[in-house]
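Examining the three-dimensional arrangement
Chain by chain, the residues run as shown.
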Amino acid sequence: MFAVHLLSFYFTKLQEDQIKKVDRFLYAMRLSDEQLLEISHRFRDEMEKGLSRESNAAAALKMLPTHVFSTPDGSEKGEFLALDLGGSKFKVLQVKVSEDGNRKVQMESEIFPIPEEVINGRGTDLFDHVADSLKNFMQKNNINQKKKPLGFTFSFPCLQSKLDEGVLLSWSKNYKARGVQGTNVVQALRQAINKTGGIDVDVLALVNDTVGTMMTCGYDDQHCEVGVIIGTGTNACYMEELRHIDLVEGDEGRMCINTEWGAFGDDGALHDFITGFDSEIDAASINPGKQLFEKMVSGMYMGELVRLILLKMAKRGLLFKGRVSDALRTKGKFQTQHVSMIEEYKDGLRNTREILTELGLTPTEDDCIAVQHVCTIVSFRSANLCAAALAAILTRIRENKKLKSLRTTVGMDGTVYRTHPQYSKRLHKVVRRLVPECHVRFVLSESGSGKGAAMVTAVAQRRASQREEINDTLADFTLSSTQLQQVKEKMRVELERGLRKDSHDSASVKMLPSYVYRTPDGTERGKFLALDLGGTNFRVLVVKIRSGIRKSVRMYNKIYAIPLEIMQGTGEELFDHIVQCISDFLDYMGMKNTRLPLGFTFSFPCSQTGIDKGSLVSWTKGFKATECEGHDVVDMLREAIKRRNEFDLDIVAVVNDTVGTMMTCAYEDPRCEIGLIAGTGSNVCYMEDMKNVEVVEGDEGQMCINTEWGGFGDNDNIEDIRTRFDHEVDEGSLNVGKQRFEKMTSGMYLGEIVRQILIDLTKRGLLFRGRITEPLKTRGIFETKFLSQIESDRLALLQVRSILQHLGLDSTCDDSIIVKEVCGAVSRRAAQLCGAGMAAIVDKIRENRGLDNLDITVGVDGTLYKLHPHFSRILKETVKELAPQCEVEFILSEDGSGKGAALITAVARHRQRQELVSIL
């Protein structure tokens, strides 16, 4: 027993001695975590250089755009051909992707050898050989479908300007075919196919094998956004944010970047980590000074690196008693597969002895232990270096997404990763140690590059089909100049009809007189009370106006909520609630015994017969209180004050918020004669010549007309531009068939139009993987404020996804792009329609005054105009295009419904005094 322990101790001590000997000799190849983190940091810097237009030309990492914009989402289907060219053999595949949603992929393939004289001959011969092999495969498998879609995996660095085009930058992996470098390889393949004849295929995609690996794994795991190959060669690709890729136009979405990481270090970034053995490998290669990282890690060089180390150790007497065989001196005799065999857990030492013996050596037990450890250090360094580079990519993805921790999947392929017994475990362990905040799943690719080419082709075909369907859906929201001109002309007709006595009752645009005869002139002064009812909140204000040198307006207000049950209860309950709010405010201000003149901003269509007389025409904006329509709102307010019997008010004016907006802006700019509201609702008012207002007595002077243009189209005159989504929104509203223009242009409805479109696209499998969630079914969940946020130029797609997730909509990057596009189509149309309506009004004013050109200002209020990133610009552009003889300035209103109500009250009071003086 003692003898056994003694022998075991001797063998362990022998192992330790041999390992220490090798460790000392290969000290420079053993990398600490600190060194790996430094390499990772340098790799990050190189990625930045490669992505930047300014530094790309000089960057070692070329960060090549692949024009692959999306990973598979599981809805891909069809039959595809794939070619895989990248090594000493060439593969042709037929890939069938199931249509039944089971993600079933069937493949048939055949491998064709490529003679060395073809690899090193003319480029035309190489592609002719590929085309002949393809024809052979198609005939053998009876593939005769016309225009069969084909993906071409070409595992060499190419500069792609689109998915089906790629210029070869340089050969690698011992390929030297002449006349190919600097040319479009897809074009070369197409020419060879045409020359061969009898093949009817459509080459849709050129794919790097690394991208193919990512796409293959991405079909089974939709979290996969990185592909890595560690085999004969080595490379990585990942999904990068488009906004960071200077070499490609556009900043929406993502694109797969082929890093070509084999060239890392070509600019000296790894100079302090390159050993003498690496330099020797590089000097003897066909491309000295190039692909330095690949020469340190890939299977093409790993065996040769071990051979050089063993040769040098033997020459120094550290191995084989200083004896060297001819085979050990011969380049290529020690292969990477030998490294894998030597590092096998159980049979490693036996394999070592056999391999060394085949090389003409007579190894001792300690030689075998030492050689095994040499292999371990070389392969472990390879895994370490790949882990450091991969850690840099994962960190970039995490930071792009602004996440504290990242969950992602990496698709892996390559003979070293697949066949080496320890490599994959080592790589995984080191990656997780270097980036503990990244939770990574590693998935081994099945039939990687070939199946991947088919997947890229399938995704490209799916995206093209989806794009066509989405474009068709949104085409109805794109209004031509002719259509906008027709809207302007139809609006003009309705404006005229609303002003005329004989057609006023049947006009869709009611053109309601406001009995406001002029805009402020700066002489207004006094203290006024203002009420503001126009939405779910109600405001009470005290407004102090000063004139003269110290001209100013000061306001004090309090906001009160109006519960839904009161909005949709009885008229008496609504006005009692309003009076209760007024009572609270007067108590709060200590003004209950003060009888101030009051302006009542009532932001609903009213038919006025005087400045303080207005009958509600119809409720809008979700109000439905009974026994109000057709009744005078001022009378209802007075009756509610009487019922409370606590205070009295001098109600001077009932005011529309649009008129208030115009008056507020006119106080600052005397040229302001138009008011526009573009918010929850949509409306316009303007100063019209009294001679044109047939529904009011008198021809002298002007009067502000509240157009109530939200009703435009209620007489079916814009049905040609209303979409099925507009009809769905209308049918789900409280006032079916009414306010059709408002339902196409106002903030209350735009979000609902978007929701209806999203539901339609989802039902057709174009969004959210075809899954309609409960939130998406919920009316009103997609508020218009989300349109403004989603369309913001400052908002990355990641934040768009965050908004959608907040709404319970689990979106991909592609989904986010589509949602943003839908929002843009809906809001753009809304702005253009408002612009067409405004063009009709400014042209009418110009013609009223017999002017060739008109300079005028529009006072604007409303959250849509103020907060949406593009609405105001598009509106202005449309007005300029449709009313070129009018110079229109838009200024923002400051509290039109409060300050404006007080100004209207002041102007009305002044007129009343003048009328009283004239009577006396």
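Residues numbered from 1 in each chain as written. Predicted model: local features only at pLDDT ≥ 70, side-chain atom pairs only at ≥ 80, totals over all residues. Heavy atoms only, no water.

Okay, the overall build of the protein next. Regarding its fold elements, the protein presents 31 helices and 26 strands. Here the C-alpha radius of gyration of the protein, 39 Å, is well above what a compact globule of 920 residues would show, namely 29 Å. Considered along the principal axes of its C-alpha atoms, the protein spans approximately 130 × 70 × 50 Å. Out of the 920 residues in the protein, the part that is buried amounts to 59%. Relative to all contacts within the protein whose residues are 6 or more apart in sequence, the contacts with residues 24 or more apart total 71%. Accessible area for the protein stands at about 38,400 Å²; split by element, carbon and sulfur atoms hold 48% of it. Computed over 119 positive and 128 negative side-chain charges, the separation of the two mean positions in the protein equals 5 Å. (Helix = DSSP H or I, 4+ residues; strand = E, 2+ residues; numbered from the N terminus. Rg over C-alpha atoms; globule rule 2.2 N^0.38 Å. Buried < 20%, exposed > 50% of the residue type's maximum accessible area, 1.4 Å probe, protein only. Contact = heavy atoms within 4.5 Å. Areas by Shrake-Rupley, 256 points an atom, 1.4 Å probe, with all protein chains shown as cover. Lys, Arg positive; Asp, Glu negative; His and termini not counted. Charge placed at Lys NZ, Arg CZ, Asp CG, Glu CD.)

With respect to topology, five strands assemble into an open sheet ordered β4-β3-β2-β5-β8, the strand pairing being mixed. Bordering the open sheet on either side are β4 (105-113) and β8 (201-207), each of which pairs with just one other strand. For this sheet the average axis-to-axis angle between neighbouring strands, irrespective of direction, equals 20°. In this structure, strand β2 (residues 78-85) lies alongside strand β3 (residues 89-97), joined through eight bridges in antiparallel fashion. Looking at β3, one finds that Leu85 is bridged to Phe90. Of the strands in this sheet, β3, β4, β5 (148-154) and β8 are in contact with helix α6 (residues 209-220), which crosses β8 at around 100°. (Pairing = 2+ DSSP bridges. Axes fitted to C-alpha atoms, helices over the stretch in contact; angles between N-to-C directions.)

Turning our attention to a negative patch on the surface. There is a patch of like negative charges on the surface, built from Glu572, Glu573, Glu627 and Glu639. Secondary-structure assignment places Glu572 in helix α19 (residues 571-589). (Patch = residues over 30% accessible without salt bridge, like charges linked within 9 Å, V, L, I, M, F, W, Y side chains within 5 Å. Salt bridge = Lys/Arg side-chain N within 4 Å of Asp/Glu carboxyl O.)

A separate point is α19. Between its first and last C-alpha, α19 extends 27 Å over 19 residues, near the 27 Å set by a 1.5 Å rise per residue. By the burial criterion, the buried members of α19 are Gly571, Leu574, Phe575, His577, Ile578, Val579, Cys581, Ile582, Ser583, Phe585 and Leu586. With its phi angle positive at about 65°, Gly590 sits one or two positions after the end of α19. (Expected span 1.5 Å × (residues − 1).)

Mapped onto this numbering, the UniProt entry gives "domain: Hexokinase N-terminal" (unreviewed entry) at residues 22-219 and 470-667. As annotated, residues 470-667 comprises 36% helix and 26% strand, and the C-alpha atoms at either end are separated by 47 Å. (UniProt positions renumbered as here; feature names shortened; annotations may be inferred.)

Take the environment of Gly265 next. With respect to the element layout, Gly265 can be found in the loop between β11 (254-258) and α7 (276-283). The class of Gly265 is buried, set by a relative accessible area of 2%. As a C-alpha pair, Gly265 and Phe293 span 28 residues in sequence and 6.1 Å in three-dimensional space. Excluding residues within four positions of it along the chain, Gly265 makes contact with Ala60, Leu270 and Leu292.

For the rest of this paragraph, the subject is the side chain of Ser40. Tracing the sequence through the fold places Ser40 in helix α2 (residues 33-51). Judged by relative accessible area, which is 8%, Ser40 ranks as buried. Among all residues touching Ser40, those that are not within four sequence positions of it are Ala388, Ala391 and Ala392.

Right, let's talk about the sheet that holds strand β17 (residues 552-561) for a bit. With respect to topology, five strands assemble into an open sheet ordered β17-β16-β15-β18-β21, the strand pairing being mixed. Where the open sheet ends on each side, the last strands, each with one partner, are β17 and β21 (650-655). On average, adjacent strands in this sheet sit at an angle of 20° to one another, irrespective of strand direction. Of the strand pairs in this sheet, strand β15 (residues 526-533) and strand β18 (residues 597-602) are connected by five bridges, and their pairing is parallel. When the bridges of β18 are listed, Asp532 appears paired with Thr601. Each of β15, β18 and β21 touches helix α20 (residues 633-644); the most contacted strand, β21, lies at about 145° to it.

Under the criterion given, the structure shown has zero disulfides. Cysteine Cys628 shares no disulfide, and the gap to the nearest cysteine sulfur, in Cys606, comes to 10 Å. This cysteine, Cys834, is not joined by any disulfide, and Cys685 carries the nearest cysteine sulfur, 14 Å off. (Disulfide = S-S within 2.5 Å.)

Take the packing of helix α9 (residues 299-315) against helix α13 (residues 365-400) next. Interhelical geometry of α9 versus α13 gives an angle of 140° and a closest axis separation of 10 Å. Considering their axes alone, α9 and α13 lie oblique with respect to each other. The two elements α9 and α13 meet at a crossing, and its hand is right-handed. On the side of α9, the interface is formed by Met302, Leu305, Val306, Ile309, Leu310 and Met313, while α13 contributes Val371, Val374, Cys375, Val378, Ser379, Arg381 and Ser382. Looking at the contact of α9 with α13 residue by residue, the classes come out as ten nonpolar, two polar and one charged. (Parallel < 35°, antiparallel > 145°, perpendicular 65-115°, else oblique. Left-handed = near helix turned anticlockwise from the far one by under 90°. Nonpolar A, V, L, I, M, F, W, Y, C, P; charged D, E, K, R; others polar.)

As a working rule, side chains carrying opposite charge can pair if their charged atoms are close by. Counted under the stated rule, the structure contains 74 salt bridges. A salt bridge links Arg398 to Glu437, with the shortest nitrogen-to-oxygen separation between them at 3.7 Å. In this pair, Arg398 sits in helix α13 while Glu437 sits in the loop between α15 (423-434) and β13 (438-444), placing the two residues 39 residues apart along the sequence. Glu496 is paired through a salt bridge with Lys844; the nearest N and O atoms lie 3.9 Å apart. Of this pair, Glu496 sits in helix α17 (residues 481-499) while Lys844 sits in helix α28 (residues 813-848), and the two are 348 residues apart along the sequence. Given a relative accessible area of 1%, Lys844 falls into the buried group. When salt bridges that share partners are traced, they join Lys488, Arg492, Glu496, Glu688, Asp843, Lys844, Arg846 and Glu847 into one network.

Right, let's talk about the packing of aromatic side chains for a bit. Under the definition given, this model contains 24 aromatic pairs. Seen from their ring centres, Trp619 and Phe623 are 5.3 Å apart, and the 25° between their planes marks the pair as stacked. The exposure classification of Trp619 matches that of Phe623, with both residues buried. The interplanar angle of 70° and the centroid separation of 5.4 Å between the aromatic rings of Phe712 and Phe741 together place this pair among those described as edge-to-face. Of this pair, Phe712 sits in the loop between β24 (702-706) and α22 (724-731) while Phe741 sits in helix α23 (residues 740-745); the two residues are 29 residues apart in sequence, bridging distant segments of the chain. (Phe/Tyr/Trp six-rings, centres within 6.5 Å; stacked < 30°, edge-to-face > 60°.)

Let's shift gears to a positive patch on the surface. A cluster of basic residues, Lys527, Lys544, Arg546, Arg550 and Arg554, forms a positive patch at the surface. Tracing the backbone through its elements, the reader meets Lys544 in strand β16 (residues 537-546). On the accessibility criterion, Lys544 (31% relative accessible area) is partly exposed.

Right, let's talk about the packing of α22 against helix α24 (residues 747-763) for a bit. Taken N-terminus to C-terminus, the directions of α22 and α24 make an angle of 120°; their axes are 9 Å apart at the nearest point. Between α22 and α24, the angle falls in the class oblique. In the packing of α22 onto α24, the handedness of the crossing is right-handed. On α24, the residues that touch Arg724, Phe725, Asp726, Glu728 and Val729 of α22 are Tyr749, Glu752, Ile753, Gln756, Ile757 and Asp760.

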